[in-house]
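# Results of the structural survey
Chain residues, written in single-letter form:
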Amino acid sequence: TEVSAPADAPFEIAFDNQEGVPHNMKISDSTGAEVFKGEIVSNQKVTYQVPALAAGSYPFICEVHPNMKGTITAK
């Protein structure tokens, strides 16, 4: 639920969905504007290429299951 990333530099998220249920990751800024949206995957690994984020906190959710959420802190 809590992830950190470098500020002002692109980074990768290794996403390994082994559940057989579709999931993805959508990252928003503090206003709710989408800053990244990963493809929905099921039973596969994918590496999301996330663009540089300014220092701060960014909520993320699974669009398929919005109760699955957390925060990325860019610092």
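Up top you'll find the structure we're talking about.
### Let's talk about the environment of Y58
Secondary-structure assignment places Y58 in strand β6 (residues 56–61). According to the relative accessible area criterion, Y58 is buried, its value standing at 10%. In sequence terms Y58 and D16 are 42 residues apart; their C-alpha atoms lie 21 Å from each other. If we skip the residues at most four places from it in the chain, Y58 touches I27, S28, D29, V35, L53, G70, T71, I72 and A74. Of note is the side chain of Y58, whose polar atom sits 2.8 Å from the backbone oxygen of A54.

### Notes on the pairing of strand β7 (residues 69–74)
By the alternation rule, side chains of β7 split into G70, I72 and A74, which are all buried, and K69, T71 and T73, of which none is buried. Looking at chain direction, strand β1 (residues 2–5) and β7 are connected through four bridges and run parallel. Of the residues in β7, the one forming a bridge with V3 is I72.

Rules used in this analysis
- Residues numbered from 1 in each chain as written.
- Predicted model: local features only at pLDDT ≥ 70, side-chain atom pairs only at ≥ 80, totals over all residues.
- Heavy atoms only, no water.
- Helix = DSSP H or I, 4+ residues; strand = E, 2+ residues; numbered from the N terminus.
- Buried < 20%, exposed > 50% of the residue type's maximum accessible area, 1.4 Å probe, protein only.
- Contact = heavy atoms within 4.5 Å.
- Polar contact = N/O pair within 3.5 Å; in protein donor to acceptor, adjacent residues only side chain to side chain.
- Pairing = 2+ DSSP bridges.

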